[in-house]
Amino acid sequence: MTDQAPPAGETNVASGEALVRMAGVNKHFGDLHVLRDIDLEVAKGEVVVVLGPSGSGKSTLCRTINRLETYESGTITIDGQPLPEEGAELAKLRADVGMVFQSFNLFAHKTILQNVTLGPIKARKIGKAEAEQRAMDLLKRVGVQEQAEKYPAQLSGGQQQRVAIARSLAMRPKVMLFDEPTSALDPEMINEVLDVMAGLAKDGMTMIVVTHEMGFARRAADRVVFMADGQILEQQAPEEFFANPRSDRAKDFLSKIL
Ligand code: ADP
Ligand code: MG
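As annotated in an unreviewed UniProt entry, the chain carries the name ABC-type polar-amino-acid transporter and is attributed to Flexivirga endophytica. As stated in UniProt under Catalytic activity (unreviewed entry), the record for the chain gives "a polar amino acid(out) + ATP + H2O = a polar amino acid(in) + ADP + phosphate + H(+)". Annotation of the chain in UniProt includes, under Sequence similarities (unreviewed entry), the sentence "Belongs to the ABC transporter superfamily."

Caption draft 1: Representation of the overall build of the chain within the structure. Per the secondary structure count, the chain includes nine helices and ten strands. Taken over the C-alpha trace, the chain has a radius of gyration of 18 Å; the compact-globule value for 258 residues is 18 Å, and the two agree within 12%. In the chain, buried positions account for 52% of the 258 residues. A fraction of 67% describes how many contacts in the chain between residues 6 or more apart in sequence connect residues 24 or more apart. Within the chain, the 35 negative side-chain charges are centred at a point lying 5 Å from the centre of the 30 positive side-chain charges.

Caption draft 2: Representation of the pattern of salt bridges within the structure. For the structure on display, the rule yields 16 salt bridges. The residue Arg67 makes a salt bridge to Glu85 at a minimum N-O spacing of 3.1 Å. Taken as a pair, Arg67 in the loop between helix 1 (58-65) and strand 4 (73-78) and Glu85 in the loop between strand 5 (81-82) and helix 2 (87-96) lie far apart in primary sequence, 18 residues in all. One salt bridge in this structure joins Glu192 and Arg162, with 3.0 Å as the shortest N-O distance. A residue pair is termed long-range when its members are at least 10 positions apart, and Glu192 in helix 6 (residues 187-202) and Arg162 in helix 5 (residues 157-169) qualify at 30 residues. Judged by relative accessible area, which is 25%, Glu192 ranks as partly exposed. For Arg162, a relative accessible area of 10% corresponds to the buried category. Each member of the salt-bridge network shares a partner with another, and the members are Asp79, Lys92, Asp96, Arg124 and Lys174.

Caption draft 3: Expanded view of the sheet that holds strand 4. Read from one edge of the open sheet, four strands run 2-1-4-5, paired in antiparallel fashion. Every other strand in the sheet has two partners, leaving strand 2 (32-43) and strand 5 as the edge strands with one partner each. Bridge count for strand 1 (residues 18-29) against strand 2 is eight bridges, and the pairing is antiparallel. For Lys27, the partnering residue across the bridge sits in strand 2 and is Leu35.

Caption draft 4: Structural detail: the site of ligand 1. Taken together, Phe29, Leu32, Val34, Pro53, Ser54, Gly55, Ser56, Gly57, Lys58, Ser59 and Thr60 make up the full set of residues adjacent to ligand 1. A distance of 2.8 Å separates an oxygen atom of ligand 1 from a polar side-chain atom of Lys58. Take Thr60: an N or O atom from its side chain is 2.5 Å from an oxygen atom of ligand 1. In isolation ligand 1 has 560 Å² of accessible area, and contact with the protein removes 58% of it. At the level of secondary structure, the elements contributing two or more residues to the shell around ligand 1 comprise strand 2 and helix 1. Counting residues per element, the shell around ligand 1 draws most heavily on helix 1, at three residues.

Caption draft 5: Representation of helix 3 (residues 112-122) within the structure. Inspection of helix 3 places Ile112, Leu113, Asn115, Val116, Thr117 and Pro120 among the buried residues, and these make up the whole buried set. Considering only its buried residues, helix 3 is in contact with helix 4 (128-141) and helix 5.

Caption draft 6: Main features of the side chain of Asn115. Along the chain, the position of Asn115 falls in helix 3. A polar contact is formed between the side chain of Asn115 and the backbone oxygen of Lys110, at a distance of 3.2 Å.

Caption draft 7: Main features of the nonpolar core. One finds Leu51, Leu139, Ile165, Phe178, Met197, Met207 and Phe216 to be the most contacted residues of the largest nonpolar core, which totals 50 residues. Tallying contributions element by element places helix 6 first for this core, with nine residues. Counting residues in hydrophobic clusters, the runner-up holds 27 residues, among them Leu40, Val48, Ile65 and Leu177.

The rules behind each value
Residues numbered from 1 in each chain as written. Chains lettered and ligands numbered in written order. Predicted model: local features only at pLDDT ≥ 70, side-chain atom pairs only at ≥ 80, totals over all residues. Heavy atoms only, no water. UniProt positions renumbered as here; feature names shortened; annotations may be inferred. Helix = DSSP H or I, 4+ residues; strand = E, 2+ residues; numbered from the N terminus. Rg over C-alpha atoms; globule rule 2.2 N^0.38 Å. Buried < 20%, exposed > 50% of the residue type's maximum accessible area, 1.4 Å probe, protein only. Contact = heavy atoms within 4.5 Å. Lys, Arg positive; Asp, Glu negative; His and termini not counted. Charge placed at Lys NZ, Arg CZ, Asp CG, Glu CD. Salt bridge = Lys/Arg side-chain N within 4 Å of Asp/Glu carboxyl O. Pairing = 2+ DSSP bridges. Near = heavy atom within 4 Å. Polar contact = N/O pair within 3.5 Å; in protein donor to acceptor, adjacent residues only side chain to side chain. Areas by Shrake-Rupley, 256 points an atom, 1.4 Å probe, with all protein chains shown as cover. Core = buried A, V, L, I, M, F, W, Y, C linked by side-chain atoms within 4.5 Å.

In structure tokens form, the structure reads like this:
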């Protein structure tokens, strides 16, 4: 796939410099073939938005990249390195591959600042003072520096999700995975989170984003990946995808949500 020219209109995927590379990945849950021959390459600095109906395997795809799920065949590499099986290498992978979920899962009994410093201190062996300095910079970047000494329950959902993003960034990940990060938020808080993500994208973060926010896909994605039934059916630039979906599944999907 890498040494072939892409079909007309298709966004050129990474060749030499893929930061995330999945090749021929298959996974089952019992009889359910949840990932089917997944080939996906994400270049450094690229923003890929994954779209598709519920149950199509989008979350499983993300979780497989982070090795929260195993897979039966194929290969996945991050920055050229195969996914480790366990131990210290796996912990490092989890730090390199940041993940933000629908439910923000902050530590309830730790302050916002502690939530962001914990990982770097424990996993990256950063000193406390430096970790706090870095955390404050990140909290400022996501616009919640005033909340540093508060506890998660004292923040709005949008603020908590922005803290969750800062917490992931504190590990200095190579790539960030977002799995429907705004789906649990009240509508008025969605944009404040999407704006932070768009800022990250603009600053060159490599991102894989599962979302139903089509506005975000249009404005921030370099490429849209459309999944159905565990397969990637289309990959193209967002303007192409929205104007000209090729598969019937994508046409059907777009007709329901737009
Ligand atoms: P999406 O995120 O696109 O909605 P998922 O990756 O969550 O899709 O799920 C894909 C399919 O795999 C669904 O049919 C779902 O029910 C099933 N599935 C997901 N996780 C598990 C699991 N841990 N065990 C069994 N089936 C699962
Ligand atoms: Mg999902």
